[in-house]
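So the chains spell out like this:
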Amino acid sequence: MQQEQTSQEFQLTYKTDDINMIGGIYYFVEDFSQDAIIELPFIGAIAFGDSTFAGRFLSPSETDAIAAFFQLDYQFSEKLNLTAGIRYSEDTKKIDRLTTFSFSGTVVQTALNSKDEASFDAVTPKFGLNYNIDDDMMIYANITRGFKSGGFNFSDANRAFDPEYLWAYEAGLKADWLDGRFRSNFSTFYYDYTDLQVQAFVLADATQGTGVAIFNAADADVSGIEMELTAKPTEDLTITFSGTYLDATYKEFLTARDNGPSAGIPVDVKGNRLNSAPELAYSFTAQYEKEVGDNVVATLRGEYSWR
């Protein structure tokens with residue numbers, strides 16, 4: 001397996017007392033080459049009477065990405081700040097798959113030979129407001145659109161999967177108390193996914209092969225609350241607590257997984273929770289630091305987390 005990549009970004013900035021602007025372009029190119037040979041002597045001996053049976057999987061790919069972006073931060077007053085930005089992204093991806101099976105190094109079957117190319121683009125804006133209630137307390141609200149490029153499945157003949165899009169809404173409060181000895185951060189958020197990319201087992205049909213592949217679920221909703229509390233009872237002791245509550249479900253997701261005796265019948269998992277999205281997670285950390293000599297600090301730290 002070999003991978004090479006090159007990236008370059010150019011920025012132009014402008015700043016005054018009330019305005020901070022940045023714009024630029026970004027370019028990225030990647031060449032990825034995979035040449036895997038898997039020897040299958042047991043299968044070859046049982047099925048074909050030849051232990052030299054092996055499979056070779058070639059899947060070189062290329063990615064070209066370019067983006068242009070602009071962001072403005074405007075200070076309405078000492079307390080109120082506006083952020084507005086926009087980005088245009090365009091990705092072009094190519095893949096050349098070749099899967100062969102051989103006996104004693106001689107190819108006897110070509111199982112997959114396909115070339116694909118696809119382009120994906122998106123416009124992703126961002127809007128935000130920050131308001132400083134005083135020197136120790138700030139409230140904020142953001143609206144952002146996200147984009148995750150589409151692509152191809154390396155080891156399967158499945159067609160390209162589409163980009164994933166996200167509208168993210170977040171609001172929160174950040175505050176310091178007791179002369180900075182206690183800090184509290186609270187946020188609430190809502191994520192609206194379209195064409196969410198998921199990895200799942202699919203069965204063969206006229207357009208795709210059987211196997212594990214990435215493809216697009218229709219939609220998903222994620223909402224939740226996060227908080228982080230930090231306390232310094234003394235200069236040497238720091239205690240933190242963080243917690244998250246998530247309500248993360250598929251709004252629509254029709255899979256092609258095996259459904260027991262009715263193999264191949266799609267299964268509607270609308271309302272199921274997203275993978276790796278626990279409803280509740282929290283953690284505690286305590287750290288004690290003490291200088292025990294010139295430029296020598298001893299640290300005692302304990303952590304506990306649950307999800």
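In case you missed it, the structure is sitting above this.
The rules we used
In this convention, every chain numbers its residues from 1, walking through the sequence in written order. Since the coordinates come from a predicted model, pLDDT governs what is reported: local features require at least 70, and pairs of side-chain atoms require 80 or more to be given and counted, while whole-chain, interface and lining totals use all residues. As a convention, hydrogens and water are excluded, and side-chain values are obtained from all of the structure's heavy atoms. Secondary structure counts use DSSP, requiring at least four H or I residues in a row for a helix and at least two E residues in a row for a strand, with both numbered from the N terminus. We take the radius of gyration over the C-alpha atoms and set the globule estimate at 2.2 Å times the residue count to the 0.38 power. Using a 1.4 Å probe on the protein chains alone, a residue whose accessible area is under 20% of its type maximum counts as buried, one over 50% counts as exposed, and one in between counts as partly exposed. Whether two residues touch is decided by their heavy atoms; if any such pair falls within 4.5 Å, the residues are in contact. Here, a salt bridge means any side-chain nitrogen of Lys or Arg that lies within 4 Å of a carboxyl oxygen of Asp or Glu. For cavity detection a 1 Å grid was placed over the protein atoms alone, and a set of points counts as a cavity when a 1.4 Å probe fits there but cannot get out; an open set counts as a pocket when protein lies on both sides within 12 Å along at least five of seven lines, with lining residues being those that have an atom within 4 Å of a point. Grid points are joined across faces, edges and corners, and a volume is the space filled by probe spheres set on the points. Side-chain classes follow a simple rule in which Ala, Val, Leu, Ile, Met, Phe, Trp, Tyr, Cys and Pro form the nonpolar group, Asp, Glu, Lys and Arg form the charged group, and the remainder, Gly included, forms the polar group. For this analysis, a ring pair means two rings from Phe, Tyr or Trp (six-membered ring only for Trp) whose centres lie within 6.5 Å, classed as stacked if their planes differ by under 30 degrees, edge-to-face if by over 60, and tilted for the remaining angles. When the NZ atom of lysine or the CZ atom of arginine is within 6 Å of a ring's centre and also within 35 degrees of its normal, the charge is said to sit over that ring. In this analysis, a patch consists of residues with relative accessible area above 30% that form no salt bridge, clustered at 9 Å for like charges and at 5 Å for the nonpolar side chains Val, Leu, Ile, Met, Phe, Trp and Tyr. Only the protein chains shown count as covering a residue, and every accessible area follows the Shrake-Rupley method with a 1.4 Å probe. Counted as positive: Lys and Arg. Counted as negative: Asp and Glu. His and the chain ends are not counted at all. To locate a charge, the coordinates of NZ of Lys, CZ of Arg, CG of Asp or CD of Glu are taken. Nine residue types can take part in a nonpolar core, namely buried Ala, Val, Leu, Ile, Met, Phe, Trp, Tyr and Cys, and a core is a set of them joined through side-chain atoms within 4.5 Å. Counting of polar contacts relies on pairs of N or O atoms within 3.5 Å, with two restrictions inside protein: one atom must be capable of donating a hydrogen and the other of accepting it, and residues adjacent in sequence are counted only when both atoms are side-chain atoms.

Enquirer: So what's going on with the overall build of the protein? Residues and values would help.
Expert: Counting secondary structure elements, the protein contains one helix and 18 strands. Expected size for 307 residues packed as a compact globule is a radius of gyration near 19 Å; at 26 Å, the protein overshoots this value by more than 25%. Overall, the C-alpha framework of the protein stretches about 80 × 50 × 45 Å when taken along its three principal axes. For the protein, buried positions account for 29% of its 307 residues. For the protein, contacts bridging at least 24 residues in sequence account for 57% of all contacts bridging at least 6.

Enquirer: Explain the pattern of salt bridges to me, and be specific about the residues and the numbers.
Expert: A full pass over the atoms with the stated rule returns eight salt bridges. Where Glu-235 meets Arg-181, a salt bridge forms, and the shortest distance between an N and an O atom there is 3.5 Å. Taken together, the positions of Glu-235 in the loop between strand S13 (219-231) and strand S14 (237-252) and Arg-181 in the loop between strand S9 (164-177) and strand S10 (182-194) put the pair 54 residues apart, joining distant regions of the chain. The class for Glu-235 is exposed, based on a relative accessible area of 59%. Through salt bridges with shared partners, one network takes in Asp-192, Asp-221 and Lys-251.

Enquirer: I'd like a description of the side chain of Thr-63, backed by residues and values.
Expert: As for its placement among the helices and strands, Thr-63 is situated in strand S5 (residues 61-75). On the basis of relative accessible area, Thr-63 is assigned to the buried category, the value being 12%. Those residues in contact with Thr-63 that lie beyond four places of it in its chain are Phe-28, Val-29, Glu-30, Thr-92 and Lys-93.

Enquirer: Can you explain the layout of surface pockets? Please cite residues and give values.
Expert: Within this model, the second largest pocket holds a volume of roughly 220 Å³. Lining the second largest pocket are Lys-148, Glu-164, Tyr-193, Leu-196, Gln-197, Val-198, Gln-199, Ile-214, Tyr-250, Leu-274 and Asn-275. No other element matches the three residues that strand S11 (residues 197-202) contributes to the lining of the second largest pocket. For the lining of the second largest pocket, the class distribution of residues is six nonpolar, three polar and two charged.

Enquirer: Residues and numbers for the packing of aromatic side chains, please.
Expert: In total, this model carries 12 aromatic pairs according to the counting rule given. The aromatic ring of Tyr-140 is capped on one face by Lys-174, whose charged end is 5.6 Å from the ring centroid.

Enquirer: Explain a negative patch on the surface residue by residue, including any values.
Expert: Taken together, the side chains of Asp-134, Asp-135, Asp-136 and Asp-179 define an acidic patch exposed on the protein surface. Relative to the assigned elements, Asp-134 resides in strand S7 (residues 106-134). Accessibility expressed as a relative area gives 38% for Asp-134, which makes it partly exposed.

Enquirer: Could you give me a rundown of unusual backbone geometry, with the residues and numbers involved?
Expert: Leave glycine aside and you will find that most residues have negative phi; peptide bonds, for their part, are mostly trans. One non-glycine residue, Leu-178, lies in the positive phi region at around 50 degrees. Looking at where Leu-178 falls in the secondary structure, it is placed in the loop between S9 and S10. Positive phi, normally seen in glycine, also occurs at Asn-295, with a value near 60 degrees.

Enquirer: Quick rundown of the environment of Leu-40? Include the residues and the values.
Expert: Position of Leu-40 among the secondary structure elements: in the loop between strand S3 (35-39) and helix H1 (41-48). Distance in space between the C-alpha atoms of Leu-40 and Gln-2 is 24 Å, their sequence separation being 38 residues. The contact partners of Leu-40, leaving out residues within four places of it in the chain, are Phe-53, Ala-54 and Gly-55.

Enquirer: Tell me what's going on with the nonpolar core, and back it up with residues and numbers.
Expert: In terms of nonpolar packing, the biggest core is built from 17 residues, with Leu-196, Val-222, Tyr-250 and Leu-274 touching the most fellow members. Contributions of two or more residues to this core are made by S9, S10, S13 and S14. Those residues in contact with Leu-196, other than ones at most four positions away along the chain, are Glu-164, Phe-215, Asn-216, Ala-217, Ala-218, Ala-220, Tyr-250 and Leu-274.

Enquirer: Could you give an account of the environment of Ala-217, naming the residues involved and the relevant values?
Expert: Topologically, Ala-217 is positioned in the loop between strand S12 (211-216) and S13. Judged by its relative accessible area of 1%, Ala-217 is buried. In this structure the C-alpha to C-alpha distance between Ala-217 and Thr-255, which are 38 residues apart in sequence, comes to 8.0 Å. Setting aside its immediate chain neighbours within four residues, Ala-217 contacts Asp-195, Leu-196, Val-198, Tyr-250, Glu-252 and Phe-253.

Enquirer: Give me the lowdown on the environment of Asn-130, citing residues and values where you can.
Expert: Tracing the backbone shows Asn-130 in strand S7. Owing to a relative accessible area of 26%, Asn-130 belongs among the partly exposed residues under this scheme. Spatially, the C-alpha atoms of Asn-130 and Tyr-140 are 4.4 Å apart, while their sequence positions differ by 10 residues.

Enquirer: I'd like to hear about the side chain of Asn-153, residue by residue, with values.
Expert: As for its position among the elements, Asn-153 is in the loop between strand S8 (137-148) and S9. In this structure the side chain of Asn-153 is engaged in a polar contact, spanning 2.7 Å, whose partner is the backbone nitrogen of Ile-214.

Enquirer: Please set out a nonpolar patch on the surface residue by residue, giving values where relevant.
Expert: Together, Ile-225, Tyr-245, Leu-280, Phe-284, Tyr-304 and Trp-306 give the surface a local cluster of nonpolar side chains, amounting to about 610 Å² of exposed area. If you list the elements that add at least two residues to the nonpolar patch, you get strand S17 (280-293) and strand S18 (296-306).

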